[in-house]
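The residues making up each chain are set out below.
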Amino acid sequence: MTEKPKQTKKKQTQKRKPGRKKKAIPLNKKINNLIKDERFKFVLSVFILFFAAYLTLAFISYIFTWKVDQSNMGQNDAWYVHSNVIADNWAGNIGAVLANSLIYKWFGVSSFAFIFILVLLSFKLINIKLLHFENSVKYSLFGMIWFSIALSFLSSSNYLILGGAYGYYVNYWLNAIVGKTGTVFLLIILLFGFIIFTFENSLYWVKIFVKNITERKKIKPAIDAANSKVAIKKQDENDELEKIKEEDIIIETGMPIDLDTNAPLEKVDKKEYKLHDNGEEVLKPDLGFEVENTKDVHVASEKLEEKLSGNLALEVEKNKDILVDNQEVQLEDYDPTLDLSNYKFPPIDLLENHSTGSSEVTNEELISNKNKIVDTLKNYKIEITKIKATIGPTITLYEIIPAPGVRISKIKNLEDDIALSLAALGIRIIAPMPGRGTIGIEVPNQKPEIVSMHSVIKSASFQNSKMEIPIAIGKTISNESYVADLTKMPHLLVAGATGQGKSVGLNAILASILYKKHPAQVKLVLVDPKKVELTLYETIEKHYLAKLPDAEEAIITENQKVVHTLASLNIEMDNRYSLLKDAHVRNIKEYNKKFISRKLNPTKGHKYLPYIVLVIDEFADLIMTAGKEVELPIARLAQLARAIGIHLIVATQRPSTNIITGVIKANFPTRIAFKVASMIDSRTILDSPGANQLIGRGDMLITQGSDLIRLQCAFIDTPELDKITKFIGEQQSYPSALLLPDYETGDSDDPTAVDLSKRDELFEDAARLIVVHQQGSTSMIQRKLSIGYNRAGRIIDQLEAAGIVGPFEGSKARQVLYTDEYSIEQYLNSLQ
């Protein structure tokens, strides 16, 4: 009876044994996990920041109370802390001890560098980068030690708090070894060496500085010599040298002198000869000099004898040795902006800064999103080795590097799961990131920032741009202004759903052109079927717009006038290609460069060619109403017009395949997609999904043939555009808008009108056939004359225009208006 319970207890013990065996976590791993914990880092960061503020208070107070505190302290810091004596320091007894140790006993007032290092460390713990931490610590420590020694050298022992005990003893030791002068030289050499080895290109700038100082001493005699004048008069065939009006002339042996008054300063190493009225030359030593504002002199010598000993003799044989290029006069370059030379570009102040300043991504948001992404991936057993966040104006890009062996497609398929965990729309996964070796996850910010046109136009990338037609569209994920060259695109297709930012994007493109290009350099052809989007640009009609000669308004709103304008642009394209052919150049840039340098004769039809930008705000409406009459000329312009400076910007809110056809897509390599409703629409625009995952309100994707770039479109409001156009419209303008070539529409306004002067060869046979059978049928002509349906249809149209058959009546055959062969023969003879 007593053994059974023991056995039962033993069995129970054996069963519980595996449950009690729990693997203990090592202490070092616990400490490591604690250090990596974000909460611990945040608390430690706050503690360090408050400690830095406490030290600042103690240091500042110590500067005023150090004598009193030291007299109370004596030589024992610990006694002073635990005593009943209350220090005068604002930070109390501990603050007085810390300030005394760091300032008096260590590095003096240079110890403030400790506070700077603590502040940087505090922000670094919570992933806020004020400055580069390692470099800042290195510079601070060197500066603290160097200033400690330098201040001790400048102050006496009575002011020990300036350099501290460290600086005092090191300075005392240096004075004993190398003396005061040697100490000064040593301090200067240490500072100079630190700068040279620490900062890149510092040695280069030192050389430039020394070089400028040494060359300033040589510039005055060089300018005096360069400003001397020479007058050479051409006479008969012997062309003898008669008179030299001024004393001196500088001649360089072996090569002509060609001094351009407008050329920048250029260093020239040459020998200087002083030529007197008696023809003798005196050799001067080598001289390096800079020449500025000199007159054009072109002197060439075929035979020049030099005697280096004594005076230099110059022997000139007739006038073949010294030639003056008076026959070829260098003309000034043609200035296309001369007609509006007083034109002023709109000031940036006309644009408003719409940024609120309160839309920054908080550190809590970054950490929360990071943890959710990592946890979601862990739930599907996907480990990552690194994660990095790049904050943009409206979205934040999280770049992750998966652990070895993880398939990219597995992460790509978790797009919806990550969106669910983050509770956000517009999540887009880029797997992999082109050229980075990472996987990108784009997450919208909780408080998106408005990208104002003011910030984009003011950016250095736009202001310093050397592009032909720079257009500022918006900002990238890395908060950099995106500026592209329209001539390199060379045509732009913009698509997106209603209200997602297409019209604002067009206005941003047009505004960037107005801010960068002179009216003589760019002309705009604006097509606005909606009649309300582009009306603000009527004010600048005589500055920037182009139109048909008989058009009353420069902004085109009627579909029939759009067809005529496109036909006129095709004529302009052919005319420009003829000019390029005659000038033997390949593109408009080479042509204009040749014309500006006056190498093309205007009397032969050559002229300066401005760029022409055709902007169509709603392309779908034109396709629905005009169809092939619009699509074919646009396709022809897109195929051929790039080289002669005609560029197209086409926008549509209906990105379907019957609007954006294959012909259009093939000739528009650069495309912008705002938010669309479905993946099919995104593939129609970009040939890839992504536009359906945008968040709207200017969020866009742009592709130039390969990679997709996500941008936030710059916002420009109507009042801003109104100010810009009014500012331009109030200035002096051309007499009228640029007139495009006249387009001949024919004798009739009816697009179906037929020219009877170009009748078909079988016209008379078909007329006799129809009168004989009294049946006006296309199929009968096709069958009896053995021709195709298209040709038979054209013949029926000609017979209708000639009044032989009646109009089309649906399923019924056309009415034959001639009843006998005799009457039709008389009519046919009259047509001849």
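Analysis parameters
Along each chain, the written sequence defines residue order, and numbers are assigned to residues from 1. Whole-chain, interface and lining totals are the exception, using all residues; otherwise, since this is a predicted model, local features are given only for residues with pLDDT of at least 70 and side-chain atom pairs are given and counted only at 80 or more. Hydrogens and water are ignored here; the side-chain numbers use all heavy atoms of the structure. By definition, two strands form a pair when at least two bridges between them are found by DSSP. Numbering of helices and strands runs from the N terminus; a helix is a DSSP stretch of H or I covering at least four residues, while a strand is a stretch of E covering at least two. To obtain each axis, a line is fitted to C-alpha atoms, and for helices this fit is confined to the stretch in contact; angles are then taken between N-to-C directions over 0 to 180 degrees. By the convention used here, residues are in contact when the closest approach between their heavy atoms is within 4.5 Å. Burial here depends on accessible area, computed with a 1.4 Å probe over protein chains only, as a share of the maximum for the residue type. Under 20% is buried, over 50% is exposed, and the range in between is partly exposed. Note on definitions: salt bridges are taken to be side-chain nitrogens of Lys or Arg within 4 Å of carboxyl oxygens of Asp or Glu. Definition of nonpolar core: a set of buried residues of the types Ala, Val, Leu, Ile, Met, Phe, Trp, Tyr and Cys, connected through side-chain atoms within 4.5 Å.

K.L.:
Give a description of the sheet that holds strand S16 (residues 646-652) that names residues and reports values.
P.N.:
Taking strand neighbours across the sheet as the criterion, the nine strands line up as S11-S10-S19-S18-S17-S12-S16-S15-S13 in an open arrangement whose pairing is mixed. Strand pairing shows two members of the sheet lacking a second neighbour, strand S11 (481-485) and strand S13 (522-527), which therefore form its edges. Taking each pair of neighbouring strands and ignoring which way they run, the sheet shows an average axis angle of 30°. Across five bridges, strand S10 (residues 470-475) lies against S11 in antiparallel orientation. Along S11, the bridge assignment pairs Pro-470 with Asp-485. The sheet contacts of helix H15 (residues 502-516) involve S10, strand S12 (492-495), S13, strand S15 (611-616), S16 and strand S19 (708-713), and relative to S10 the element is tilted by about 135°.

K.L.:
A description of the pairing of strand S18 (residues 699-703) should follow, citing residues and the corresponding values.
P.N.:
Among the five residues in S18, five count as buried, and that is most of the element. Here S18 shows no split at all, with Asp-699, Leu-701 and Thr-703 on one side and Met-700 and Ile-702 on the other all buried. Pairing analysis gives three bridges linking strand S17 (residues 670-673) to S18, with the strands arranged antiparallel. Bridge pairing in S18 places Ile-672 opposite Ile-702. Relative to S19, S18 runs antiparallel, the two sharing five bridges. Looking at the pairing, Leu-701 lines up with Arg-710 of S19.

K.L.:
A description of the pattern of salt bridges should follow, citing residues and the corresponding values.
P.N.:
Pairing of side chains with opposite charge becomes possible as their charged atoms draw close. Considering all chains together, one arrives at 20 salt bridges under this definition. Where Glu-800 meets Arg-814, a salt bridge forms, and the shortest distance between an N and an O atom there is 3.0 Å. Pair noted here: Glu-800 is in helix H26 (residues 789-801) and Arg-814 is in the loop between H26 and helix H27 (821-831), with a separation of 14 residues, a long-range link. Residue Glu-800 is classed as partly exposed on the basis of its relative accessible area, which comes to 31%. Each of Arg-428, Glu-442, Asp-699 and Arg-710 takes part in salt bridges that share partners, so that together they form one network.

K.L.:
Just give me the short version of the nonpolar core, but keep the residues and values in it.
P.N.:
In terms of nonpolar packing, the biggest core is built from 108 residues, with Met-453, Ile-473, Leu-526, Tyr-537, Leu-614, Phe-619 and Ile-634 touching the most fellow members. Each residue touching Phe-619, except ones within four places of it in the same chain, is listed here: Val-630, Ile-634, Val-650, Ala-651, Thr-652, Ile-659 and Ile-664. By size, the runner-up hydrophobic cluster in this structure holds 22 residues, among which are Ile-770, Ala-792, Ile-796 and Leu-799.

All we've got here are geometric facts, nothing functional implied.
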